[in-house]
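Now for the letters of each chain:
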Amino acid sequence: MSLVPSGSGGGPAVIAEVEMNGGADSGATTVRATVVQASTVFYDTPATLDKAESIGDPKDKGRDEFRKYHAAAIDVPGPEVTRLAAMAGKHKIFLVMGVIEREGYTLYCSVLFFDPLGQYLGKHRKLMPTALERIIWGFGDGSTIPVYDTPLGKIGALICWENKMPLLRTALYGKGIEIYCAPTADSRQVWQASMTHIALEGGCFVLSANQFCRRKDYPPPPEYIFAGLGEEPSPDTVVCPGGSVIISPSGEVLAGPNYEGEALITADLDLGEIARAKFDFDVVGHYARPEVLSLVVNDQPHLPVSFTSAAEKTSAAKSDSSAKHY
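Fair warning: this is a prediction, and the values are worked out from it, not measured in the lab.

Chemist: How do you make sense of the overall build of the protein chain when you look at a structure like this?
Modeler: For the protein chain, the count of helices and strands is seven helices and 13 strands. Per-residue burial for the protein chain yields a buried fraction of 30% across its 326 residues. Put simply, 54% of the contacts in the protein chain that link residues at least 6 apart link residues at least 24 apart. Summed over all atoms, the accessible surface of the protein chain reaches about 21,300 Å², with 58% contributed by carbon and sulfur.

Dropping the structure here:
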């Protein structure tokens, strides 16, 4: 609602309530309303008026950016997952792919797993988004920390800085991970040290993938602006230099890190090296002290809403199944 004066002539003005959209195009579907939260300039009326005039029309850019991000995310399962599965089947590979997963209106940073038969195996949702990621992504739970036993070895993944979480890594070690995938956005040299440490700690092969991106790979300004870089970078400016790498259980760098451009980082993995590394150090085996230090992982899904009717139906189905045995 807004207030406008009505009436004419020399009499006193009467303030009447009117519809906010009054007088506007009757076919309009939206109306922009703004509430300004700001202080006055105390004891300085002209400055207060200047401040009022300087307050512009705020754009709800953040929410609209999220709307576009949400629209570009994928449902799991969904058509994009089906297409990725077909790619894995076509090329006869195990495929580990990072995605932004959409469930309702919550987004998750996730990793999807596929086998050479073109089957979707499952997913890992990032357990702990980093810093401002927490206002964009939801939090995974213990039900999506898988390790898949494949003919190539036991494969799993953690995403970016959750690789720094010792207990989460230990959960993967406890599942016997052998090929440890670590997709990241961290291109710093210190990341290479973390990857080497994980390979040695877990006695596993570590495959860390990062993007190589130039400014021109993103939408142009003002649609997309790189904050914190000062001047707008030129189209060919490298904004993420990669650093993808493959490291053996002994800590040897087998391929990479590559900072030159888009590339395939390839190495042959001698799985026998895992046993050789475990001879020295098996973090959840002969080098563990469970009577002193142990880890309990809650691997149950945590749902914000559950319905008793669903549980009752499940219980009734189990009862019917048991009755048929007599």
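Chemist: It is not clear to me how the packing of aromatic side chains should be interpreted in this structure. Could you clarify?
Modeler: The description of an aromatic ring pair uses the distance of the two centres, along with the angle that the planes make with each other. Scanning the model with the defined rule gives four aromatic pairs in all. Centroid distance Phe113 to Tyr148: 5.0 Å. Interplanar angle 55 degrees. Geometry classified as tilted. Here the residue Phe113 occupies a position in strand β4 (residues 106-114), and Tyr148 occupies one in strand β6 (residues 147-150), the gap between them amounting to 35 residues. Taken individually, Phe113 and Tyr148 each receive the classification buried, so the pair is uniform in this respect. Ring geometry for Phe281 and Tyr287: centres 4.5 Å apart, planes at 50 degrees, overall tilted. Judged by its relative accessible area of 54%, Tyr287 falls in the exposed class. Between Arg125 and the ring centre of Tyr108, over which it is positioned, the NZ or CZ distance is 3.7 Å.

Chemist: What am I meant to see in the sheet that holds β4 here?
Modeler: Spatial ordering of the open sheet is given by β3-β4-β5, a layout of three strands whose pairing is antiparallel. In this open sheet, the two edge strands, each paired with only one partner strand, are β3 (95-103) and β5 (120-125). On average, adjacent strands in this sheet sit at an angle of 35 degrees to one another, irrespective of strand direction. For β4 and β5, the ladder comprises five bridges, and the chain directions are antiparallel. Paired with Ser110 across the two strands is Arg125, which belongs to β5. Relative to β4, helix α3 (residues 79-91) is tilted by about 20 degrees, and along the sheet it contacts β3, β4 and β5.

Chemist: Looking at this structure, how should I read the environment of Gly140?
Modeler: Here Gly140 is to be found in the loop between β5 and β6. Residue class for Gly140 comes out buried when judged on its relative accessible area of 12%. Each C-alpha atom of the pair Gly140 and Tyr108 lies 7.4 Å from the other, and the pair is 32 residues apart in sequence. Not counting the four nearest positions on each side in its chain, Gly140 is found in contact with Tyr108, Arg125, Lys126 and Leu127.

Chemist: For this particular structure, what's the right way to read the nonpolar core?
Modeler: Generally speaking, nonpolar side chains in soluble globular proteins are found buried as a group. In terms of nonpolar packing, the biggest core is built from 17 residues, with Leu172, Ile177, Tyr180, Met195, Ile198 and Val206 touching the most fellow members. Within the residue set of this core, elements represented by two or more residues are α4 (166-174), α5 (189-202) and β12 (244-247). When residues of this core are assigned to their parent elements, the largest contribution, four residues, is made by α5. Excluding residues within four positions of it along the chain, Met195 makes contact with Asn163, Ala182, Val206, Ser208, Val245 and Ile247.

Chemist: Before we go on, may I ask you to explain the pairing of strand β9 (residues 205-208) in this structure?
Modeler: A regular strand carries its side chains on alternate faces of the sheet. Both strand β8 (residues 179-181) and β9 contribute to a ladder of three bridges, which runs parallel. For Ile179, the partnering residue across the bridge sits in β9 and is Phe205.

Chemist: What am I meant to see in the environment of Ala171 here?
Modeler: The topology assignment puts Ala171 in helix α4. Along the chain, Ala171 and Leu295 lie 124 residues apart, while their C-alpha atoms are 7.9 Å from each other. Contacts of Ala171, omitting those with residues within four sequence positions, involve Leu295 and Val297.

Chemist: Would you take a moment to explain the environment of Val96 for this structure?
Modeler: Structurally, Val96 can be placed in strand β3. Residue classification places Val96 among the partly exposed residues on the basis of a relative accessible area of 29%.

Chemist: For this particular structure, what's the right way to read the confidence of the model for the protein chain?
Modeler: If pLDDT is low for a region, its predicted coordinates should not be looked at in detail. Averaged over the protein chain, the pLDDT score is 84; the fraction of residues at 70 or greater is 81%. Per-residue pLDDT stays below 50 along residues 1-24; that stretch engages in 23 contacts with residues further than four places along the chain or on separate chains.

Chemist: I would appreciate a short explanation of unusual backbone geometry in the present structure.
Modeler: Peptide bonds are, in most cases, trans, and in most cases residues other than glycine have a negative phi. Following Val76, the chain continues into Pro77 via a peptide bond in cis, with omega recorded as 0 degrees. For Pro77, the location among the structural elements is in the loop between α2 (61-72) and α3. Here the bond from Pro221 into Pro222 is cis, since omega is 5 degrees, no more than 30 degrees from zero. The phi torsion at Lys92 lies on the positive side, around 55 degrees, for a residue other than glycine. One can find Lys92 in the loop between α3 and β3.

Basis of the calculations
Residues numbered from 1 in each chain as written. Predicted model: local features only at pLDDT ≥ 70, side-chain atom pairs only at ≥ 80, totals over all residues. Heavy atoms only, no water. Helix = DSSP H or I, 4+ residues; strand = E, 2+ residues; numbered from the N terminus. Buried < 20%, exposed > 50% of the residue type's maximum accessible area, 1.4 Å probe, protein only. Contact = heavy atoms within 4.5 Å. Areas by Shrake-Rupley, 256 points an atom, 1.4 Å probe, with all protein chains shown as cover. Phe/Tyr/Trp six-rings, centres within 6.5 Å; stacked < 30°, edge-to-face > 60°. Lys NZ or Arg CZ within 6 Å of the ring centre and 35° of its normal. Pairing = 2+ DSSP bridges. Axes fitted to C-alpha atoms, helices over the stretch in contact; angles between N-to-C directions. Core = buried A, V, L, I, M, F, W, Y, C linked by side-chain atoms within 4.5 Å. pLDDT = per-residue confidence, 0-100.

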